[in-house]
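A structural walkthrough
What follows is each chain in one-letter form.
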Amino acid sequence: MATFDFAASLKEVLDFQEKMLGGFKVLMDLDYKGSDMTPKQLVYEVDKVKLYHYLPRVENPSKTPTIIVYALVNKQYMMDLQRDKSVIMNLLDQGLDLYIIDWGYPEREDMYITLDDYINYYLDSCINEIMRRAGVPQVNVLGVCQGGTFSLIYTALHQEKVKNLVTMVTPAKFDIDEGLLIQWSKHMNVSKIVQAYGVVPGEFMNFGFNLLKPYQLMVDKYVNLIDNIDNPQVMENFMRMEKWIFDSPAQAGKAYEEFLVKLYQNNELAEGRLEIGGKQVSLKNIVCPLLNIYAEQDHLVPPAATIPINDLVGSEDKTLLAFPVGHIGMYVSSRSQREVAPSIAGWLNERS
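Definitions and limits used
- Residues numbered from 1 in each chain as written.
- Predicted model: local features only at pLDDT ≥ 70, side-chain atom pairs only at ≥ 80, totals over all residues.
- Heavy atoms only, no water.
- Helix = DSSP H or I, 4+ residues; strand = E, 2+ residues; numbered from the N terminus.
- Buried < 20%, exposed > 50% of the residue type's maximum accessible area, 1.4 Å probe, protein only.
- Contact = heavy atoms within 4.5 Å.
- Areas by Shrake-Rupley, 256 points an atom, 1.4 Å probe, with all protein chains shown as cover.
- Phe/Tyr/Trp six-rings, centres within 6.5 Å; stacked < 30°, edge-to-face > 60°.
- Lys NZ or Arg CZ within 6 Å of the ring centre and 35° of its normal.
- Pairing = 2+ DSSP bridges.
- Axes fitted to C-alpha atoms, helices over the stretch in contact; angles between N-to-C directions.
- Parallel < 35°, antiparallel > 145°, perpendicular 65-115°, else oblique.
- Core = buried A, V, L, I, M, F, W, Y, C linked by side-chain atoms within 4.5 Å.
- Salt bridge = Lys/Arg side-chain N within 4 Å of Asp/Glu carboxyl O.

1. With respect to the overall build of the protein
The number of helices and strands found in the protein is 14 helices and 12 strands. For the protein, with 352 residues in total, the buried portion stands at 53%. At a minimum sequence separation of 6, the contacts of the protein that also span at least 24 residues come to 79%. As presented, the protein carries roughly 16,000 Å² of accessible surface, and 54% of it is formed by carbon and sulfur atoms.

2. A closer look at the packing of aromatic side chains
Considering all chains together, one arrives at 8 aromatic pairs under this definition. Taken together, a centroid distance of 5.1 Å and an interplanar angle of 50° make the contact between Y121 and Y122 tilted. The exposure class of Y121 is partly exposed, given its relative accessible area of 39%. Through a chain of ring-to-ring contacts, the aromatic side chains of W103, Y118, Y121, Y122, F150, F174, F259 and Y264 assemble into a single cluster. For K40, the ring lying beneath its charged end belongs to Y52, and the centroid distance is 5.1 Å. We note K75 situated over the ring of Y105; from NZ or CZ to the ring centre the distance is 4.3 Å.

3. Let's talk about the sheet that holds strand β1 (residues 40–46)
Pairing is mixed across the open sheet formed by 8 strands, whose spatial order is β1-β2-β4-β3-β5-β6-β11-β12. The open sheet is flanked by β1 and β12 (318–323), the only strands paired with a single partner. For this sheet the average axis-to-axis angle between neighbouring strands, irrespective of direction, equals 20°. Inspection of the sheet shows strand β2 (residues 49–54) paired to strand β4 (residues 98–102) by 4 bridges, in the antiparallel sense. Residue pairing for β4: L51 is matched across the bridge by I101. The sheet strands contacting helix α14 (residues 334–351) are β3 (66–69), β5 (139–144), β6 (162–168), β11 (290–295) and β12, and the helix crosses β6 at an angle near 160°.

4. Some remarks on the packing of helix α6 (residues 190–197) against helix α10 (residues 253–265)
Where α6 meets α10, the axes come as close as 10 Å, and the angle between the chain directions of the two elements is 170°. By the criterion of interaxial angle, the relationship of α6 to α10 is roughly antiparallel. In this structure, α6 uses V190, S191, I193 and V194 to contact α10, whose residues at the interface are G253, Y256, E257, L260, V261 and Q265.

5. A few points about the side chain of S125
Positionally, S125 belongs in helix α3 (residues 115–134). In this structure S125 comes out as buried when scored by relative accessible area, which is 15%.

6. Remarks on the nonpolar core
In globular proteins that are soluble, nonpolar side chains generally tend to be buried together. Within the largest apolar cluster, 103 residues are counted, with the highest numbers of intra-cluster contacts made by I67, W103, M168, M330 and Y331. The contacts of I67, once residues within four sequence positions are left out, are L51, Y99, I101, L123, C126, I127, I130, V139, N140, V141 and L142.

7. Brief notes about unusual backbone geometry
In this structure, C145 takes a positive phi of about 55° despite not being glycine. Along the chain, C145 falls in the loop between β5 and α4 (146–157). Note on C145: relative accessible area 16%, which makes it buried. Notably, V169 is not glycine yet its phi reads approximately 40°, a positive angle. Looking at where V169 falls in the secondary structure, it is placed in the loop between β6 and α5 (180–185).

8. Quick look at the pattern of salt bridges
The full count for this structure, using the stated rule, is 15 salt bridges. A salt bridge links D317 to R351, with the shortest nitrogen-to-oxygen separation between them at 2.9 Å. With D317 in the loop between α12 (309–312) and β12 and R351 in helix α14, this residue pair connects regions lying 34 residues apart in the sequence. A relative accessible area of 22% places R351 in the partly exposed class. Between E339 and R338 there is a salt bridge, with the nearest N and O atoms lying 3.9 Å from each other. For E339, a relative accessible area of 29% puts it in the partly exposed group. Within the structure, one salt-bridge network assembled from shared partners comprises K48, E107, E109 and D110.

Here you go:
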């Protein structure tokens, strides 16, 4: 019969107590303000939308500027979350001339903003401003997640303004059986949600995203945190990520409804039936070089929603890249710094 080791158990309790006390001290002194710190200037704004230009980090940056088009559902500083894992800084160090859009925080008065407004007014105005500032006839467009879908639509409608197009973890084909988010969206009564809210709260969106992986996203990550609660660097990085996760803008009701119904539920973009601003959106109109990047372990945008982009566009110069990461790992993992950002910069520099 096994005997109870009182001394070992007491030591375990005391060690845990000491670790927790150390953790409380770490939490008291925690500084997690290091995200969105790469120097940039506000160069243009219209309504709540702001366009920033990052200060160059090399002597002779690319002559063709690159605009990063992020999703509406989270904030763009995910790409500049911490100094040692900043996609933005990495791209700047490799010679890109970078701009980024901050879509702002929609409020009640913004409930009638449409996809046409976002793409043919806000995005087009920002690109026109970049071309004016740089004195160039075209820009590179780097679209991320939903921002990649916007970038596909924009390029299909304004190909003459886009020199090169990069899409990262971008959904375009929605008639697939993969991805819980895509499956749920097909059965949502979106009009009822918009009628109830007008502007759909970020908390509503976050709750849905958490339900995709409830144990991992709502329980497991906090349980595992105990092992590192007295490690300042781990805790600072964790808190930066938590801040970003819960910094979720509300969604303009009309654009939210259009995006879910026309794309997620009806697959109009991939099938060539989408109309934006009275114009047909044909991805075959995209003839510029395309770099299409997807994450093999993506639970939000499954590869099956992204890979077909290469067949849907009319480009001859098109590259498909896969990385063994998840959706968020595409921006914040060590692999992102070693491989993803250099691949993007190298590809663009060759063509710019």
